[in-house]
Amino acid sequence: GQLIHSFNQMSARSNSVLSILSNLQSIETLDQIVETLFSHSKDYIGCDVVILVKPNLNHNGYILNNIAPQRSFRNLSKINIAVNTEKQIAYMQSIFNNDAALKVNSISQHIKKNADAELLKDLIRRYPIKSALIQPLDNSEDEDTLLVLASYNEGKFTPQHVELLNHLIPFINHKLKSIENKKNLDKDIKKEAAHNA
């Protein structure tokens, strides 16, 4: 029975990875990345929201402008989370310095131990989110980006969920870089066209 259960888990994980990878191929925007991760992993992981967190323009905080499902989490869109004290910055850097996902089984307990976890504080201020997986991404040399999977249930995320995420991260990073490169190329083309006009 245990062997069958383990095999079924492995099979479900493989199917989730293959499903997400095949859908990532044709993606062209950041919104599509989070939508794909949410829709194709919710059966296996069962998370309630997927968020891409990026630095704001002033680099003194973070914005949550790529969210799935967007209809359910509309008031998170484009909020600015200020991260400007030394301790808040140090907390965020500790996440980025540790390439592995941060698994938070109980956000309320985590915040009691880490008073400078502004991102999680802001999430639970608006929604009754109880647990999260926070994964640093590598989309360029100078921009810190986080992928957050969160749930309304405590202890939602397991080592198997972290393993699934580990399989996907290289492909997500590659997709992020290609989207950034395309955006930069489009900007350069527009600048060139404006210059020549």
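Everything below is about the structure shown above.
To keep things clear, this report deals only with the structure shown in the data block.

Thresholds, definitions, all that
- Residues numbered from 1 in each chain as written.
- Predicted model: local features only at pLDDT ≥ 70, side-chain atom pairs only at ≥ 80, totals over all residues.
- Heavy atoms only, no water.
- Helix = DSSP H or I, 4+ residues; strand = E, 2+ residues; numbered from the N terminus.
- Expected span 1.5 Å × (residues − 1).
- Buried < 20%, exposed > 50% of the residue type's maximum accessible area, 1.4 Å probe, protein only.
- Arc of directions from axis to C-beta.
- Salt bridge = Lys/Arg side-chain N within 4 Å of Asp/Glu carboxyl O.
- Pairing = 2+ DSSP bridges.
- Axes fitted to C-alpha atoms, helices over the stretch in contact; angles between N-to-C directions.

Overview of helix α3 (residues 86-97)
With 12 residues, α3 extends 16 Å from end C-alpha to end C-alpha; this agrees with the ideal 16 Å at 1.5 Å per step. All buried positions along α3 are accounted for by Gln88, Tyr91, Met92, Ile95 and Phe96. What you see down the axis of α3 is that its buried residues fit within an arc of 140°, all on one side. Exposed and oriented more than 90 degrees from the buried face of α3 are Glu86, Lys87 and Asn97.

Some thoughts on the pattern of salt bridges
Within this structure, the stated rule accounts for five salt bridges. For the salt bridge of Glu180 with Lys54, the shortest nitrogen-to-oxygen distance reads 3.1 Å. With Glu180 in helix α6 (residues 159-196) and Lys54 in strand β1 (residues 49-55), this residue pair connects regions lying 126 residues apart in the sequence. Overlapping salt bridges bring together Asp122, Arg125 and Arg126 as one network.

With respect to the sheet that holds strand β4 (residues 102-104)
Pairing within the open sheet is antiparallel, and its six strands lie in the order β3-β2-β1-β6-β5-β4. Edge positions in the sheet fall to β3 (80-82) and β4, since each has one partner strand and no second. The sheet shows a mean angle of 25° between the axes of neighbouring strands, taken without regard to direction. Examined bridge by bridge, strand β5 (residues 131-138) and strand β6 (residues 144-151) share eight bridges and lie antiparallel to one another. Across the sheet, residue Asp138 finds its bridge partner in β6, namely Asp144.

Description of helix α2 (residues 30-41)
For α2, which comprises 12 residues, the first-to-last C-alpha distance of 17 Å matches the rise-based estimate of 16 Å (1.5 Å per residue) to within 8%. Taken together, the buried positions of α2 are Leu30, Ile33, Val34, Thr36, Leu37, Phe38 and Ser41.

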